[in-house]
Amino acid sequence: MRGIDRPSQSDAKRPVKYLFISHDATISGAPMVLYRLFAYVREHCGRDNSNFLFRYSGPLYERARVEFSEQEVFFVRPELTSKTSVLVKVYRKLVDAVRLVILFAKLDPQIVFCNTSINTTPIIIARLFSKRVIVIIHEVSGAVRNPLGLRGWIIRQADLVVPVSISSAKLATELGVPADKVHIVHNGLDLSKYNQSGIKNRCSESEPIQLGFLAYWSPNKRLDIAIAVAKELARMCPSYPVSLMIGGMGYEEGSVEIQAMLTGIDKLKNLTIEFLGNISNPLVFYSQIDGLLITSEKESYPTVAMEAIACGIPVFSFNDLNGVSEVVGESLQKSTPRDTSLLATLIYQTYFSESHIDDMRQWRIEASKRHEYFAISRQWHQLVGLMSRF
């Protein structure tokens, strides 16, 4: 790859410094795009000129502590829970803002990257310090979508807006961001880390159809629908064992919500549902399943879909999830209208299809074309080039 077009430094006495600020530390979506952009800019624009600030702890923060030095990665905010009192929350937010101001003064970055479509404090502070701001947008919540709201107005003040998907780009347009300020950067995968073996067809009645569901707890993820699909599939093939493995933080098997979802499971002797808790190594999870269920109300650009197809595992979803379609590609998309019976039928047909193995090989080829680091890095390269106009 040719050299990176660095931001102009003809009038500067020192190298351009970059600060990346992540609102959360989950290994998904916009935080991962921001994290990989940090690694890319750090490599091509100077390791001593880039810092990453986490405003919450989490798996991505722990990963950063291993991969980068303490001088490069910062953490400034204690966790706030639903049980934290309002006064304590207000106090901590004020302390958080003060710490951000001190950090800005200390690091003195010229360009600030934020994935802060939920919390706009870093953008406000960056503007107070007259910094250039690049915003990674991923969230599709109503508060962000409102072009007349404060968050929409602040996002429009950014020098560049970087959506992580086509749907996020449409959101930027709805917010009134000029087209010349929008540059899509998708997430990417290091495909060499993913298991490229183990594709198998249905060949034995003793071998279960193992479905997976992997997500952090959120009502939007609709675990209840995933369980309903598993129930339908178990009814369709009563002589075959069916298993649904649920991974992710926040899913407590004993909770009232979960117990309501599991109603009627005891009548399906060929169906088992297993709660695995937080998944520290997703590759192990993918090696255990035959298909991934995504039943969310909405998805922007789901990382789990990329990981699954990189492992040769089909993703089953509803066709109103544009983010899944964008990840997988329309030609290989395995989706139906939002109906549990239709989706269960599609899963059944897929695993008893003679072309199943060939289809999975095609998924891997598609994954390599769409999500491999080299392909995505072209978008990163273009983004760093765009900063030269600053």
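Note that the coordinates shown come from a computational prediction; the quantities given were computed from them, not determined experimentally.

**Observations concerning the overall build of the protein chain**
A tally of regular secondary structure across the protein chain gives 15 helices and 12 strands. Residues counted as buried form 52% of the 390 residues belonging to the protein chain. By sequence separation, contacts in the protein chain at least 24 residues apart represent 68% of the contacts at least 6 residues apart. Carbon together with sulfur atoms contributes 53% to the accessible area of the protein chain, which is approximately 17,800 Å² in total.

**Thoughts on the confidence of the model for the protein chain**
With 80% of its residues at a pLDDT of 70 or more, the protein chain shows a mean pLDDT of 78. With pLDDT under 50 throughout, residues 1-12 is counted as low confidence; its partners more than four residues away or in other chains account for 26 contacts. Across residues 197-205, confidence stays below pLDDT 50; counting only partners more than four residues off in sequence or on other chains, it has 25 contacts.

**Some details on helix H8 (residues 223-236)**
Each α-helix turn comprises 3.6 residues. Residues three or four places apart therefore point the same way. Given a rise of 1.5 Å per residue, 14 residues ought to cover 20 Å, and the 20 Å separating the end C-alpha atoms of H8 matches this to within 8%. Every buried residue of H8 is listed here: Leu-223, Ile-225, Ala-226, Ile-227, Val-229, Ala-230, Lys-231, Leu-233 and Ala-234.

**Some thoughts on the sheet that holds strand S11 (residues 315-318)**
Strand order in the open sheet made by the 6 strands is S9-S8-S7-S10-S11-S12, with parallel pairing throughout. The two strands at the open ends of the sheet, each matched to only one other strand, are strand S9 (271-277) and strand S12 (334-336). Going across the sheet, the axis of each strand differs from the next one's by a mean of 25 degrees, ignoring polarity. Of the strands in this sheet, strand S7 (209-214), strand S10 (291-294) and S11 touch helix H11 (residues 303-310), which is tilted by about 165 degrees from S10. Each of S7, S10, S11 and S12 touches helix H13 (residues 340-351); the most contacted strand, S11, lies at about 155 degrees to it.

**Concerning the environment of Phe-318**
Its place among the elements puts Phe-318 in strand S11. Phe-318 sits in the buried class, given a relative accessible area of 1%. With 19 residues separating them in the primary sequence, Phe-318 and Pro-337 have C-alpha atoms 5.5 Å apart. Each residue touching Phe-318, except ones within four places of it in the same chain, is listed here: Ile-225, Ile-294, Thr-295, Gln-333, Ser-335, Thr-336, Pro-337, Arg-338, Asp-339 and Leu-343.

**Quick look at the packing of helix H3 (residues 86-107) against helix H4 (residues 121-128)**
One way to put it is that H3 packs onto H4 with a least axis distance of 10 Å and a crossing angle of 40 degrees. Accordingly, the angle class assigned to the pair H3 and H4 is oblique. Between H3 and H4 lies a crossing whose hand is right-handed. Two secondary-structure elements touch here, H3 through Ala-97, Leu-100, Val-101 and Phe-104 and H4 through Thr-121, Pro-122, Ile-125 and Ala-126. Residues that form the contact of H3 with H4 fall into these classes: 7 nonpolar, 1 polar and no charged.

**Comments concerning the pattern of salt bridges**
Counted under the stated rule, the structure contains 11 salt bridges. A salt bridge links Glu-232 to Arg-235; its shortest N-O distance comes to 3.9 Å. Here the residue Glu-232 and the residue Arg-235 both occupy positions in helix H8, the gap between them amounting to 3 residues, near one helical turn. Judged by its relative accessible area of 48%, Arg-235 is partly exposed. Arg-338 is the partner of Asp-320 in a salt bridge, and the nearest nitrogen-oxygen pair spans 2.9 Å.

**Side note on unusual backbone geometry**
Notably, Ser-130 is not glycine yet its phi reads approximately 60 degrees, a positive angle. Within the element layout of this structure, Ser-130 appears in the loop between H4 and strand S5 (132-137). A positive phi angle, close to 55 degrees, is found at Arg-222, a residue other than glycine. Relative to the assigned elements, Arg-222 resides in the loop between S7 and H8.

**A few points about the sheet that holds strand S1 (residues 18-22)**
Strand order in the open sheet formed by 6 strands is S3-S2-S1-S4-S5-S6, with parallel pairing between adjacent strands. Only two strands of the sheet have a single partner each, and these edge strands are strand S3 (73-75) and strand S6 (160-163). Taking the axes of each pair of neighbouring strands and ignoring which way they run, one obtains an average angle of 20 degrees across the sheet. In the sheet, S1 pairs with strand S2 (residues 50-54) via 5 bridges, with the strands oriented parallel. By the bridge assignment for S2, Ser-22 is matched with Phe-54. On top of the sheet, helix H2 (residues 59-67) reaches S2 and S3; it is set at about 145 degrees to S3, its chief contact. Those strands touched by H4 are S1, strand S4 (111-114) and S5, and its axis lies near 165 degrees from that of S5.

Quick notes on the rules
Residues numbered from 1 in each chain as written. Predicted model: local features only at pLDDT ≥ 70, side-chain atom pairs only at ≥ 80, totals over all residues. Heavy atoms only, no water. Helix = DSSP H or I, 4+ residues; strand = E, 2+ residues; numbered from the N terminus. Buried < 20%, exposed > 50% of the residue type's maximum accessible area, 1.4 Å probe, protein only. Contact = heavy atoms within 4.5 Å. Areas by Shrake-Rupley, 256 points an atom, 1.4 Å probe, with all protein chains shown as cover. pLDDT = per-residue confidence, 0-100. Expected span 1.5 Å × (residues − 1). Pairing = 2+ DSSP bridges. Axes fitted to C-alpha atoms, helices over the stretch in contact; angles between N-to-C directions. Parallel < 35°, antiparallel > 145°, perpendicular 65-115°, else oblique. Left-handed = near helix turned anticlockwise from the far one by under 90°. Nonpolar A, V, L, I, M, F, W, Y, C, P; charged D, E, K, R; others polar. Salt bridge = Lys/Arg side-chain N within 4 Å of Asp/Glu carboxyl O.

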